[in-house]
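Structural description and commentary
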Amino acid sequence: MVDFNENKLIIDDTAIGLRSNVGDVLEIDELIVVRLVVLPDESDPTNVLAFDKDGNKVWEIESPPEEKEQRSYKSLNVVDGNLRVTNWNGYRYRVDVDSGEVTETGYTR
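Let me sum up the structure you'll find in this document.

The next subject is the nonpolar core. Counting 16 residues, the largest nonpolar core has Val33, Val48, Trp59, Ile61, Tyr73, Leu83 and Val85 as the members making the most contacts within it. Every element with two or more residues in this core is listed here: strand 5 (31-36), strand 6 (48-52), strand 8 (73-79), strand 9 (82-87) and strand 10 (91-95). The dominant element in this core, judged by the number of residues it contributes, is strand 10, at three residues. Setting aside its immediate chain neighbours within four residues, Val85 contacts Val48, Ile61, Tyr73, Ser75, Leu76, Tyr91, Arg92, Tyr93 and Val95.

What follows is the structure in structure tokens.
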């Protein structure tokens, strides 16, 4: 069972304290992918993390490739079997679910 409450991710009976509140959680294969809440006027360019089913952090996403003032990720989802994230600047990225590496960039606006 995976759940969350404010800045805690709960995997079965294990609670993991995170640096900010949890916004989204996706289970992809054997990983639990979490997006931390970052407000538009704040910045945390690595606010997507993945954990294994035992609660161990597997990766933290790399910063978006483009150099913009606001670079935090604001959404995550799975499209055609691929992990996709979008940032506040309107860029969408495909992310390698095994490593957290950004593998493709596109503009959504």
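What follows is about the side chain of Arg35. Considering the arrangement of structural elements, one finds Arg35 in strand 5. By relative accessible area, Arg35 is classed as buried at 10%. For Arg35, the side chain forms a polar contact with the main-chain oxygen of Lys74, separated by 3.3 Å.

Within the secondary structure layout, Asp52 lies in strand 6. Distance from Asp52 to Asn82, taken between C-alpha atoms, is 18 Å for residues 30 residues apart in sequence. Beyond its immediate chain neighbours, meaning those up to four positions away, Asp52 contacts Ile11, Glu30, Leu31, Ile32 and Val58. Within the local environment of Asp52, its side chain forms a polar contact with the backbone nitrogen of Asn56, the two atoms lying 2.9 Å apart.

Here we take up the sheet that holds strand 9. Spatial strand order, 8-9-10-11: four strands in an open sheet with antiparallel pairing. Each edge of the open sheet is held by one strand with a lone partner, namely strand 8 and strand 11 (102-107). The average angle at which neighbouring strand axes cross in this sheet is 25°, direction not considered. Of the strand pairs in this sheet, strand 9 and strand 10 are connected by four bridges, and their pairing is antiparallel. When the bridges of strand 10 are listed, Val85 appears paired with Tyr93.

Cut-offs applied
Residues numbered from 1 in each chain as written. Predicted model: local features only at pLDDT ≥ 70, side-chain atom pairs only at ≥ 80, totals over all residues. Heavy atoms only, no water. Core = buried A, V, L, I, M, F, W, Y, C linked by side-chain atoms within 4.5 Å. Buried < 20%, exposed > 50% of the residue type's maximum accessible area, 1.4 Å probe, protein only. Helix = DSSP H or I, 4+ residues; strand = E, 2+ residues; numbered from the N terminus. Contact = heavy atoms within 4.5 Å. Polar contact = N/O pair within 3.5 Å; in protein donor to acceptor, adjacent residues only side chain to side chain. Pairing = 2+ DSSP bridges. Axes fitted to C-alpha atoms, helices over the stretch in contact; angles between N-to-C directions.

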